[in-house]
Amino acid sequence: MKLRYAMVCSSNQNRSMEAHSLMKRQGFDVSSYGTGGHVKLPGPSLREPNVYDFGTPYKQMYDELRRKDPDLYKRNGILPMLKRNSGIKLAPQRWQDNSADGIFDVVLTFEEKVFDLVLDDLNNREHSLMRPVLIINLEVKDNHEEAAAGPRSPWIYAKRCCYRLLEDSIDSVVTAFERQHKRKLLYSISFY
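Procedures and definitions
- Residues numbered from 1 in each chain as written.
- Predicted model: local features only at pLDDT ≥ 70, side-chain atom pairs only at ≥ 80, totals over all residues.
- Heavy atoms only, no water.
- Buried < 20%, exposed > 50% of the residue type's maximum accessible area, 1.4 Å probe, protein only.
- Helix = DSSP H or I, 4+ residues; strand = E, 2+ residues; numbered from the N terminus.
- Contact = heavy atoms within 4.5 Å.
- Phe/Tyr/Trp six-rings, centres within 6.5 Å; stacked < 30°, edge-to-face > 60°.
- Lys NZ or Arg CZ within 6 Å of the ring centre and 35° of its normal.
- Patch = residues over 30% accessible without salt bridge, like charges linked within 9 Å, V, L, I, M, F, W, Y side chains within 5 Å.
- Areas by Shrake-Rupley, 256 points an atom, 1.4 Å probe, with all protein chains shown as cover.
- Salt bridge = Lys/Arg side-chain N within 4 Å of Asp/Glu carboxyl O.
- Lys, Arg positive; Asp, Glu negative; His and termini not counted.
- Charge placed at Lys NZ, Arg CZ, Asp CG, Glu CD.

Regarding helix 2 (residues 58–68), the residues found buried are Tyr58, Met61, Tyr62, Asp63 and Leu65. Residues of helix 2 that are buried in the fold lie against helix 1 (15–25), strand 3 (39–41), strand 4 (50–52), helix 3 (70–75) and helix 4 (78–86).

What follows is the structure, given as structure tokens:
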């Protein structure tokens, strides 16, 4: 049985898209989402982020920021990130609006706040199928370096988890991961 995976961060830009790209190349059935109210990208200062609605195409963001200040957005990695993203899917999607995308077997988040929002959303949905979904959080800082390194661990974890998830031995998989990678995981089970 092939499992379905969802990668979730705040804006569906950096961490979730890096993981989406990596897992897609490895042949996983994967989608990605954000949980924020809007998509936020760094701007010229902390007080001036670039804010977009979910559903705004990555290419549109790329073109707009390239017109605004190509040197800044190339130097801070935003333009290459948006170019990568546009090669994976059309636009960022919001987790809370994804019910039409079907059900997932495993949801990987990269920030505890996002983990809590996903879990809250799943727990507030109707549980008519009573089909379990495993939600896992691996803290990954929201910068290009951590985003590039962090998703390799979930991919390794996801490969191990595929079969063991069905055997109800998630605790042993989590313990082994934490020992090997020296990183803590949060996890919970919810239902569709």
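Now that the structure has been shown, the text picks up again.
Let's shift gears to the packing of aromatic side chains. The final tally for this structure, using the stated rule, is four aromatic pairs. Residues Tyr33 and Trp95 carry aromatic rings whose centres are separated by 5.6 Å and whose planes lie at 80° to one another, so their mutual orientation is edge-to-face. Here the residue Tyr33 occupies a position in strand 2 (residues 29–34), and Trp95 occupies one in the loop between helix 4 and strand 5 (106–109), the gap between them amounting to 62 residues. Look at Trp95 and Phe104: their rings are 6.2 Å apart centre to centre, the planes differ by 40°, and that puts the pair in the tilted class. Residue class for Trp95 comes out buried when judged on its relative accessible area of 0%. One cation-aromatic arrangement involves Arg4 over Phe104; the distance from NZ or CZ to the ring centre is 4.3 Å. The ring centre of Tyr33 lies 5.6 Å from the NZ or CZ of Lys89, which sits over that ring.

Let us now look at a negative patch on the surface. Taken together, the side chains of Glu112, Asp116, Asp120 and Glu139 present a region of like negative charge at the surface. Within the secondary structure layout, Glu112 lies in helix 5 (residues 112–124). Taking relative accessible area as the criterion, Glu112 reaches 43% and is therefore assigned partly exposed.

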